[in-house]
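# Descriptive structure summary
Read off the chains here:
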Amino acid sequence: MPKAPKYGIAGLTRDKKTGQYRIRMRMPDGTNKVRVLERGTSLKRAQEIARELLDEKLAPKTTYKEGRPKDLSSALDWYFGELKTSTDPDQAKRRESMRRVLLEVLGNPPIDELDDSLLRKWVKNRKDKGCAPGTINKGLVTLKALAKKFYVADWFTFEQKERLTKVSKIPEDNSRVRRLSKQEKDLILTNCSDSMRPVILFALLSGMRLQEILNLKVSDADLENDWINVHRGKTSLNTKVYLIPALKEIVEDAKERGQEYVCVSSFGTQWTPSGFKTVWQRLIKEQGIKDLTFHDLRHDFASRLLDEGVPLDTLGYMLGHSAKTAGRLALRYAHLGSAKIRQAAMALHEGSDPSAKEVPTTDLAQQKIPAGNEVQTKRTYAEIQASLRKMGMIL
């Protein structure tokens, strides 16, 4: 049997099940590298890629395609410009919000010094600052996506890209559901400023995300039919929210004042997410409320409706979830159906037939969010409005 070369292409194999080629290389430093190619790659192309990868390792690349940014700041500017023209503008806006923090933590190193050590520096710094895993991962995702874009633009070698993309994201726990007590709700609504109150009420009574509330325009409302159009930035869906009397009053007041946006700051300008979160955190601290974020108002809304028997597909539409997130929605609120599970188990214990009992509408395991974007009927929302009034959520 011939000996494997000291370095070079050690093997090129094809997976029978997937049809994907695997390139196994022995590098000059004695290490082995394996790269799985995309499906549909021909044998000839696989051989070309293998040679390119080997040449890259033996003779590091020193010349790149023209226009290559020189440092992290200019690289991020180029990347966000690409996102705005090639993808959803909302996604570009969310990624761009990380630019200032990334440069603050990592500085502005030359682009060739951008490697996995800098990404690990980012993770450590953010953990030390007490940032949530989701916030840390936003920075990681931005830098990893930047590396992939650079590789496609022929500004990074395969090895440079791999050094960045191999850094794993921080595990996130999205199972937390924080509910507000009536006392907490009263404290918040009594002591918040007049400019904050409409934002808080929209969150409590519609379950909308903060960014969605702040982007609401008076022109989006159909006051005759009690609807307001909402662009769900996170899922890129366009849905409608039924304006119960308390919310309709807020929109009508904004229209009378000649406001462009439904919710504005004390200066009469559109709230910024960071600006609102700053005054929100100050309010919560002053009132002595522990472990409460603004997003928890959304979870409180969802939990209360599920308690009232609102079907999961209706709730999913009201929260602006897409069909892809139906499973996550069910998992997050599955614990709310524990009473139903206990009821079924006791029925067996008592010798009765649980199949003869009515199946609860909040059985999350059996419900799915519809793939379409159908608007719920006004009657459904009227029923929900009655439930909200019963719970004291309409003030």
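Residues numbered from 1 in each chain as written. Predicted model: local features only at pLDDT ≥ 70, side-chain atom pairs only at ≥ 80, totals over all residues. Heavy atoms only, no water.

It is worth spelling out the overall build of the protein at this point. Looking only at helices and strands, one finds 17 helices and 6 strands in the protein. Buried positions account for 43% of the 395 residues belonging to the protein. For the protein, the share of sequence-separated contacts (at least 6 apart) that also reach a separation of at least 24 residues comes to 63%. Accessible surface, the protein as shown: approximately 22500 Å² in total, 50% of it carbon and sulfur. (Helix = DSSP H or I, 4+ residues; strand = E, 2+ residues; numbered from the N terminus. Buried < 20%, exposed > 50% of the residue type's maximum accessible area, 1.4 Å probe, protein only. Contact = heavy atoms within 4.5 Å. Areas by Shrake-Rupley, 256 points an atom, 1.4 Å probe, with all protein chains shown as cover.)

This brings us to the environment of G139. Inspection of the secondary structure assignment puts G139 in helix 6 (residues 133-152). Separated by 42 residues in sequence, G139 and S97 place their C-alpha atoms 9.6 Å apart. Every residue in contact with G139, bar those within four places of it in the chain, is listed here: M98, L102 and W122.

The next subject is the sheet that holds strand 5 (residues 227-232). Taken in spatial order, the 3 strands of this open sheet run 4-5-6, and their pairing is antiparallel. The open sheet has two edge strands, strand 4 (221-222) and strand 6 (237-242), and neither has a second partner. Here strand 4 runs beside strand 5; their pairing, made up of 2 bridges, is antiparallel. Counterpart to D222 in the pairing with strand 5 is W227. (Pairing = 2+ DSSP bridges.)

Turning to the side chain of R298, a few remarks are in order. Locating R298 in the fold gives a position in helix 13 (residues 296-307). Buried and without a salt bridge, R298 has E212 as its closest oppositely charged side chain, separated by 4.7 Å. (Lys, Arg positive; Asp, Glu negative; His and termini not counted. Salt bridge = Lys/Arg side-chain N within 4 Å of Asp/Glu carboxyl O.)

Turning next to the environment of F301. Relative to the assigned elements, F301 resides in helix 13. F301 gets classed as buried once you look at its relative accessible area, which sits at 0%. C-alpha of F301 to C-alpha of L319: the two residues are 18 residues apart in sequence and 9.3 Å apart in space.

Our next topic: the pattern of salt bridges. For the structure on display, the rule yields 12 salt bridges. One salt bridge connects D226 with K248, and the closest N-O pair in it is separated by 2.8 Å. Residue D226 is found in the loop between strand 4 and strand 5, and its partner K248 is found in helix 11 (residues 245-256); the two are separated by 22 residues along the sequence. Residue D226 is classed as buried on the basis of its relative accessible area of 13%.

Further remarks concern the nonpolar core. Core analysis: the largest hydrophobic core is formed by 43 residues, its most contacted members being I200, F202, W280 and F294. Elements represented by at least two residues in this core include exactly helix 8 (182-191), helix 9 (197-206), helix 10 (210-214), strand 5, strand 6, helix 11 and helix 12 (273-286). Ranked by the residues each element gives to this core, the list is headed by helix 9, at 7 residues. Residues V101, L102, I136 and L140 belong to the second largest nonpolar core, which totals 31 residues. (Core = buried A, V, L, I, M, F, W, Y, C linked by side-chain atoms within 4.5 Å.)

Another aspect to go through is helix 12. Compared with an ideal rise of 1.5 Å per residue, which puts 14 residues at 20 Å, helix 12 spans 20 Å between its outermost C-alpha atoms and is within 8% of the ideal. Just downstream of helix 12 lies G288, where phi reads positive at about 70 degrees. (Expected span 1.5 Å × (residues − 1).)

What follows concerns helix 4 (residues 99-106). Those residues of helix 4 that fall on the buried side of the exposure criterion are V101, L102, L103, V105 and L106. Once helix 4 ends, the next one or two residues include G107, with phi positive near 75 degrees.

Quick look at the environment of L180 now. For L180, the location among the structural elements is in the loop between helix 7 (158-165) and helix 8. Among the residues examined, L180 registers a relative accessible area of 5% and is labelled buried. Separated by 116 residues in sequence, L180 and D296 place their C-alpha atoms 8.1 Å apart.

For the pair helix 9 and helix 13, interaxial distance at closest approach is 7 Å and the crossing angle is 35 degrees. Here I200, A203, L204, L205 and S206 of helix 9 come into contact with helix 13, specifically with L297, D300 and F301. Among the residues making up the contact of helix 9 with helix 13, the classes are represented as 6 nonpolar, 1 polar and 1 charged. (Axes fitted to C-alpha atoms, helices over the stretch in contact; angles between N-to-C directions. Nonpolar A, V, L, I, M, F, W, Y, C, P; charged D, E, K, R; others polar.)

A few words now on the confidence of the model for the protein. Per-chain confidence: the protein averages 76 in pLDDT, with 70% of residues scoring 70 or above. Between residues 1-5, whose pLDDT stays under 50, and residues either more than four places distant or in other chains, the model counts 2 contacts. Taken as a whole, residues 351-379 scores under 50 in pLDDT and shows 52 contacts with residues more than four places along the chain or in a different chain. (pLDDT = per-residue confidence, 0-100.)

Before going further, it helps to examine the packing of aromatic side chains. In this structure the tally under the stated criterion is 9 aromatic pairs. With a centroid separation of 5.2 Å and 75 degrees between ring planes, the pair formed by F150 and W155 is classed as edge-to-face. Their ring planes at 85 degrees and their centres at 5.2 Å tell us that W271 and F276 sit as a pair that is edge-to-face. Pair check on accessibility: W271 and F276 agree, each one buried. In textbook terms, an aromatic cluster arises when at least three aromatic residues are bridged by ring pairs, as seen for W78, F150, W155 and F156. (Phe/Tyr/Trp six-rings, centres within 6.5 Å; stacked < 30°, edge-to-face > 60°.)

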